[in-house]
Amino acid sequence: MTEALDSRIPKEVALQLYETMQRIRQFELTVVDLFARGKIPGFLHTYVGEEAVAAGACKALRPDDYIISTHRGHGHLIAKGGQFDLMMAELFGRRTGYCKGKGGSMHIAEPALCMLGANAIVGAGIAIINGAALTAQYLGLDRVAVAFFGDGASNTGAFHEALNLASVWNLPSIFICENNGYAESTPQRQHQKIKDIAVRAIAYDIPSSIVDGNDVGAVYLATLEAVTRARSGGGPTLIEAKTYRWRGHYEGDPQMYRSKAEIEAWEKKCPIARWRSVLIASGIPVAELDAIDQRIQEELERAVAFAEQSPWPDPSEARADIFTPTPEVA
Amino acid sequence: MTEALDSRIPKEVALQLYETMQRIRQFELTVVDLFARGKIPGFLHTYVGEEAVAAGACKALRPDDYIISTHRGHGHLIAKGGQFDLMMAELFGRRTGYCKGKGGSMHIAEPALCMLGANAIVGAGIAIINGAALTAQYLGLDRVAVAFFGDGASNTGAFHEALNLASVWNLPSIFICENNGYAESTPQRQHQKIKDIAVRAIAYDIPSSIVDGNDVGAVYLATLEAVTRARSGGGPTLIEAKTYRWRGHYEGDPQMYRSKAEIEAWEKKCPIARWRSVLIASGIPVAELDAIDQRIQEELERAVAFAEQSPWPDPSEARADIFTPTPEVA
Amino acid sequence: MTVMTYREAVRQALREELLNDERVILIGEDIAEFGGTFKVSLGLLDEFGPRRIRNTPISETAILGAAIGAAATGLRPIVEIMYSDFFAVAMDQMVNQAAKMRYMFGGKISLPLTIRSTMGGRRSAAAQHSQCLEAWFMHIPGLKLALPSNPYDAKGLLKTAVRDPNPTIILENKMLYNTKGEVPDEPYFVPWGQARVVREGKDVTVVALSDMVDFSMKAAEQLATEGISVEVIDPRTLVPLDIDTIVRSVQKTGRLVVAHEACVTGGVGAEIAMQVVYRAFDYLVAPIERVGAKDSPIPFSPILEREILPDDRDVIAAVQRTLDYAA
Amino acid sequence: MTVMTYREAVRQALREELLNDERVILIGEDIAEFGGTFKVSLGLLDEFGPRRIRNTPISETAILGAAIGAAATGLRPIVEIMYSDFFAVAMDQMVNQAAKMRYMFGGKISLPLTIRSTMGGRRSAAAQHSQCLEAWFMHIPGLKLALPSNPYDAKGLLKTAVRDPNPTIILENKMLYNTKGEVPDEPYFVPWGQARVVREGKDVTVVALSDMVDFSMKAAEQLATEGISVEVIDPRTLVPLDIDTIVRSVQKTGRLVVAHEACVTGGVGAEIAMQVVYRAFDYLVAPIERVGAKDSPIPFSPILEREILPDDRDVIAAVQRTLDYAA
Ligand SMILES: Cc1ncc(C[n+]2csc(CCOP(=O)(O)OP(=O)(O)O)c2C)c(N)n1
Ligand SMILES: Cc1ncc(C[n+]2csc(CCOP(=O)(O)OP(=O)(O)O)c2C)c(N)n1
Ligand SMILES: [Mg+2]
Ligand SMILES: [Mg+2]
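Everything numeric here is computed off the predicted structure, so don't read it as measured data.

What counts, and where the lines are drawn
Residues numbered from 1 in each chain as written. Chains lettered and ligands numbered in written order. Predicted model: local features only at pLDDT ≥ 70, side-chain atom pairs only at ≥ 80, totals over all residues. Heavy atoms only, no water. Helix = DSSP H or I, 4+ residues; strand = E, 2+ residues; numbered from the N terminus. Buried < 20%, exposed > 50% of the residue type's maximum accessible area, 1.4 Å probe, protein only. Contact = heavy atoms within 4.5 Å. Areas by Shrake-Rupley, 256 points an atom, 1.4 Å probe, with all protein chains shown as cover. Rg over C-alpha atoms; globule rule 2.2 N^0.38 Å. Lys, Arg positive; Asp, Glu negative; His and termini not counted. Charge placed at Lys NZ, Arg CZ, Asp CG, Glu CD. Pairing = 2+ DSSP bridges. Axes fitted to C-alpha atoms, helices over the stretch in contact; angles between N-to-C directions. Least-squares fit on C-alpha atoms with pLDDT ≥ 70 in both. Donors = N, O, S within 2.8 Å, 3.2 Å for Na, K, Ca; no water. Near = heavy atom within 4 Å. Polar contact = N/O pair within 3.5 Å; in protein donor to acceptor, adjacent residues only side chain to side chain. Nonpolar A, V, L, I, M, F, W, Y, C, P; charged D, E, K, R; others polar. Buried area = accessible area lost by both parts, 1.4 Å probe. Salt bridge = Lys/Arg side-chain N within 4 Å of Asp/Glu carboxyl O. Parallel < 35°, antiparallel > 145°, perpendicular 65-115°, else oblique. Left-handed = near helix turned anticlockwise from the far one by under 90°. Right-handed = clockwise from strand over helix to strand, strands pointing away. Core = buried A, V, L, I, M, F, W, Y, C linked by side-chain atoms within 4.5 Å.

A. A look at the overall build of chain C. Looking only at helices and strands, one finds 12 helices and 14 strands in chain C. Reported as C-alpha extents along the three principal axes, the dimensions of chain C are approximately 60 × 45 × 40 Å. Taken over 327 residues, chain C has a buried fraction of 76%. For chain C, long-range pairs separated by at least 24 residues make up 82% of all intrachain contacts whose partners lie at least 6 apart in sequence. Here chain C has roughly 8,500 Å² of accessible surface; of this, 49% comes from carbon and sulfur atoms.

Spelled out as structure tokens, the structure:
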């Protein structure tokens, strides 16, 4: 029983949503493999299974809208327009990477895409996004600013303080909680008694919505609603997207804290397969989707080659980029 | 139109509530005067106008229940059984004070009364009280633990994290928010969009209540309900007591941020005068109340004399009490 | 030149920078109508309105986070953290975010962010409202740090900070707000990273921070009556630190006392001293003396607080010890 | 004696103390089923159950607050903060509460509270998961602080900490968890405040912390082949600090290198060095050398991280410089 494509979503948007999810999925599966082969140092937190959230949310944004991300940030950057080659090079620690190899997976960022970085401190980005929203509001630009964060992050002090500040300042901040049921190894029921994180919006008197985080169309529409409100001065929104991560918290996680059956049940709810069916049912030829997949695969191969062939940073650059050179003041 | 004494409140309890409020009021007015005369160093945040909250709440507690307080802590300590003389000596900075002159007004404490201190970091005590609640729960004692804090404190990260932890651990913690409408100079509408802080309980799936913080009987009954629940394993409660502080945020505050009319309107709602009427209407002779007032006045005079005559700490004691002497381990 | 208080000098700097650049905004608790707990921003709300002079809830993490995000996207926020003790609830934003964001991004952003706070005791404000925590910040690469000791520097360093494209921290001393000094009528900037030789001398170098500059000057005057010539140096900024000026002085005097109000152990005095040991080892004729608070939480009772905190008598005693030192 | 990993030694200490005293509980993120991110507490949930091995939300302030309150009222909590970088979100509870509560209360309570965390880089964990922040804690009176460098100390110092009626902080080094060493089969305690002379030598004293002890030993062996005799001292605890042992060594060698992984500026190396300058001035024949991270956020790319962080080559170079120094 396949769902029909929501009439509010044009076919070309629907295709882009598919492509973005697939870009994220293929990127993640590729880096999982590269990590296992020792090509990528450090930690790797993948977004496999959660693609619909970043893809749907960012499709509702303009290029000049801001986002900020978490330790699980690849999907957000890709959805905001991040290039595979520069991302891959960053994950490899090469100087050609988005952050010249200084940030890595947990800090990957591209201000030119208005992507204010992955962030390895849980909750921190939720506070920072208000600043981007403030700039927009202050300068009279109709930009919005989106913070992605997890169910675990909704228990940090930063979450509370930031949502309250966004509320009293009526900022165009959109808070998108990716509730994947776990904070590292801790299931949601063990880290909070509430089931719907969206209820926390009541504490700040701001609107909220709950959305199926594996339905990219639903995420897109929910975000669009929040964006429309924020752009027109209606203030912040909290969106809870219910989803699931398929892989460990990080690569290497033995995952004793959950059952194979649970994982498999969620794999059956794959957001990409689901959307593919919707598209096919709406008349998109399979070949067109396969062609997208194929293009992504090729682009990824080029990106890996680019990263592999990229130079390492020079040790002499290690201490560059701490401070911005200071102009002389009179 | 005087209210009648709630039938759930025995007359002797009602009298004690009166006495406690009056003890707090007279203590505060005395220290205000002493502060103006330069007898008390440092900062002074008084509780004048809010007496019903501490008095009502602490009357619902047993001596072995814990409380923790704020920068505005005199009322809580008095309500928990604090002695005027030892308090006064502490405020004077004398070695006979509750903390040997090391804590002062903002850190006054008496663990023997299960009063875990005033605290000059807004929100900090809300996190600490859970530990006292945990001890009770862990040791199977039926004690409860109460944190007092302000409307301003309800915007701190500590508030959020602490209420969530109390909720998931089902702790016998009771969170009493003294909503006096201001955080220092900032009116509530400027620091949060919600009107009732009690709604924040929803974010943790815990019960809450809103109570007239100038009605000592109502505060007592609301706290009693929370205490009963907590003692029997029913977990935490958030109580919001709406009240008002009559004096500046601290002594010396010019208070340009609010009108005289507003202050006067609240002075008309004096919790003590109101309760006095209730008591008189319920048949308590005025003379009995006056006698209480008189006793308090005399006790205060003795306390001031005690403080004035108390020795200063010796400079050689300045660095004592940092560490507890460590026992030899084998 | 106009004689004005340190408080007024800071306010002038804020006002001039608000006038100079529309992107400059103020963010903090009770800074608007109330003018801040120390009344530094009094009057600015009337002139610049609530869009630019922004009161906040008691949410230091949210305040700093918003300021960081705003700085990263085009504004130039000036934050007031009421007491530097309160940084403790929000060090993450200072240290893991503001200090590192540019570096983590490979240099792709700048953070023109100024954070003002107050430091120090001597007011019976007890353990949680009296600390001097400059050592925490000096240890974190990516943050600039100043401790102005007089109205001239308080204004000039702040103005420079607001124009700096990096996160800068200025710790103002509460006990100095009412002190007075000459401030030029025309606009000026004090460069960061240039120490000031407050008094020249030849026997002993005293490097002093914040209000220990005044105490050291008092000590120097007293010692001068005994024929001892003390050179007093105020580094003004700790990051960047003008160690050259200090080293040159020690090469002349051979003796060094470092004086700050923060407690001695782990204080920035150790860092300054060690850089001197490294750069002027052969010139030192006596062990370096450190003056600072005795290691203790700050007590409430004035008599105890006086015992813990350093003043001119401690500087005098330290100078004497370096002079009395016999190898 | 049994040869075991540092991780296993810590786990044994936790287990023994849980067995010894019913009031001991463990609190932290993912420490139960998951056994902690570094798997230190793996298995303890099965043995002691969820009442004593307590998983928490991501709420460092609430975690530390609850531990403080519990310690003040009769329990003996052991907290795990996953990475010491995360202290930054909750420094208030560490510094304004735990460190000061006893003092502010005039000595009326004790806080038998142990806080374990992990420190250090070398894992490409980048700027927010690699810091060494011991200098922050050493500067705050009221906290005890240890940095165990081997399995024996990791176990023995932790057991002593749990019995200590004061707040103690133990910073474990992530790179050491898999290293092995001998640990006695019978119960033992390592006293706090006693440095260990890891290797005797006569030419240069190297004071090394945490995993710099191993690097310094490697350096010492290398230098021995060149006829240079290095004495390596591990202070083990920074508060209290056994400065006497260090001073005695410098009185013998005349030369000092202090090595830690934290960045040099404002690091505890400056403090240790200054205490030596003060106590052994006349014995020093060369400037004290400091080995530490170059002042920078920690970069992700391994080649950059290696450039920033110190190792045995830096110790060797520093020792050489002290020997080559010509006045
Ligand atoms: C302040 C802080 N505490 C703890 C951690 C360690 N940590 C990293 S990710 C994570 C779990 C985050 O859970 P959630 O917010 O639900 O995001 P998810 O990983 O599920 O996407 C934890 C505990 C951290 N990085 N920062
Ligand atoms: C973390 C922190 N931020 C700011 C302050 C300064 N401060 C002390 S009391 C106060 C207002 C508190 O308001 P509220 O919680 O409503 O308590 P009230 O004073 O009204 O009783 C502020 C801002 C502080 N002590 N701690
Ligand atoms: Mg999650
Ligand atoms: Mg209030």
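Now that the structure has been shown, the text picks up again.
B. Structural context of the overall build of chain A. Assigned secondary structure in chain A consists of 11 helices and 7 strands. In summary, chain A has a C-alpha radius of gyration of 19 Å against a globular reference of 20 Å for 330 residues, a match within 12%. Projected onto its principal axes, the C-alpha positions of chain A cover 55 × 55 × 40 Å. Within chain A, the proportion of its 330 residues that are buried is 65%. For chain A, contacts bridging at least 24 residues in sequence account for 73% of all contacts bridging at least 6. Across chain A, the 33 positively charged side chains and the 40 negatively charged ones have centroids separated by 2 Å.

C. Focus on the sheet that holds strand β5 (residues 114-119) of chain D. In space, the 7 strands of this open sheet follow the order β3-β2-β4-β5-β7-β6-β12 (chain D), with mixed pairing throughout. Every other strand in the sheet has two partners, leaving β3 (53-55) and β12 (237-239) of chain D as the edge strands with one partner each. In this sheet, adjacent strand axes meet at a mean angle of 20° when their direction is disregarded. Its contacts with the sheet place helix α5 (residues 124-139) of chain B against β2 (24-28) and β3 of chain D, and it is angled at close to 130° to β2(D).

D. Seen up close, the relation of the copies chain D and chain C. Rotating chain D by 180° and translating it 0.0 Å along the rotation axis places it on chain C, where the RMSD comes to 0.0 Å. Put plainly, the chains are arranged around a two-fold axis. A shared binding surface is used by both copies, with 100% of the interface residues of chain D retained as interface residues in chain C.

E. Region of the structure containing the coordination of the magnesium ion (ligand 3). Residue and element names in this part refer to chain A. At 2.0 to 2.1 Å from the magnesium ion (ligand 3) lie its protein donor atoms, namely Asp-151 (OD), Asn-180 (OD1) and Tyr-182 (O). Spacing between the donor residues of the magnesium ion (ligand 3) along their common chain follows D-x28-N-x1-Y. One end of the pair, Asp-151, is in the loop between β2 (145-150) and α6 (157-168); the other, Tyr-182, is in strand β4 (residues 182-183), and 31 residues separate them in sequence. Residues Asp-151 and Tyr-182 agree in their burial class; the two are buried.

F. How the structure looks around the site of ligand 1. Near ligand 1 lie 20 residues; those nearest to it are A:His71, A:Arg72, A:Ala120, A:Asp151 and D:Glu60. Ligand 1 sits at the junction of chains A and D, each of which supplies nearby residues. Note that an oxygen atom of ligand 1 is positioned 2.7 Å from one of the side-chain N or O atoms of A:Arg72. A total of 580 Å² of accessible area belongs to ligand 1 in isolation, and the protein chains cover 98% of it. In terms of residue class, the shell around ligand 1 is made up of 9 nonpolar, 6 polar and 5 charged.

G. Here's a closer look at the pairing of strand β8 (residues 180-183) of chain D. All names here are of chain D. Burial along β8 is one-sided: Gly-181 and Val-183 are buried, while Lys-180 and Glu-182, pointing the other way, are not. Here 4 bridges tie strand β1 (residues 2-5) to β8, and the two strands are oriented antiparallel to one another. Bridge pairing links Thr-5 to Lys-180 in β8.

H. Broad picture of the interface of chain D and chain B. Facing the 49 residues of chain D at the interface are 43 residues of chain B. On the chain D side of the contact with chain B, D:Thr73, D:Tyr103 and D:Phe105 bury the most area, a combined 18% of that side's loss. Between the two partners, chain D and chain B, sit 1 salt bridge. A salt bridge links D:Lys108 to B:Glu110; its shortest N-O distance comes to 3.3 Å. One can count 22 residue pairs in polar contact (both at pLDDT 80 or more) joining chain D with chain B.

I. Spotlight on the packing of helix α1 (residues 11-36) of chain A against helix α11 (residues 286-309) of chain A. Residues and elements named next belong to chain A. Closest axis-to-axis distance for the α1/α11 pair is 10 Å, and the angle between their directions is 40°. Relative to α11, the element α1 lies oblique. Note that α1 runs across α11; the crossing there is right-handed. Two secondary-structure elements touch here, α1 through Leu-15, Tyr-18, Glu-19, Gln-22, Arg-23, Gln-26, Phe-27, Thr-30 and Leu-34 and α11 through Glu-288, Leu-289, Ile-292, Asp-293, Arg-295, Ile-296, Gln-297, Glu-299, Leu-300 and Val-304.

J. Molecular detail of the pairing of strand β7 (residues 237-242) of chain A. Residue and element names in this part refer to chain A. Burial of β7 is extensive: 5 of the 6 residues sit out of reach of the surface. Pairing of strand β3 (residues 173-179) with β7 involves 6 bridges; the strand directions are parallel. Residue pairing across strands places Asn-179 opposite Lys-242, the latter belonging to β7. In this fold, strand β6 (residues 208-212) hands off to helix α8 (residues 216-231), which returns the chain to β7; that crossover is right-handed.

K. Structural context of the coordination of the magnesium ion (ligand 4). Within the protein, the atoms that donate to the magnesium ion (ligand 4) are B:Asp151 (OD), B:Asn180 (OD1) and B:Tyr182 (O), at distances of 2.0 to 2.1 Å. Overall, B:Tyr182 belongs to the buried group, its relative accessible area being 9%.

L. Region of interest: the nonpolar core. In terms of nonpolar packing, the biggest core is built from 436 residues, with A:Met88, A:Trp275, B:Met88, B:Trp275, C:Met91 and D:Met91 touching the most fellow members. Once residues lying within four places of it in the same chain are set aside, the contact partners of C:Met91 are C:Asn96, C:Trp136, C:Phe137, D:Ala88, D:Met91 and D:Trp136.

M. Structural detail: the site of ligand 2. Taken together, 20 residues lie near ligand 2, and B:His71, B:Arg72, B:Asp151, B:Asn180 and C:Glu60 sit nearest. Between ligand 2 and B:Ala120, the relevant distance is 2.8 Å, taken from a nitrogen atom to a main-chain nitrogen or oxygen of the residue. Isolated, ligand 2 exposes 580 Å² of accessible area, and the fraction of that covered by the protein chains is 97%. Taken together, the residues of the shell around ligand 2 sort by class into 9 nonpolar, 6 polar and 5 charged.

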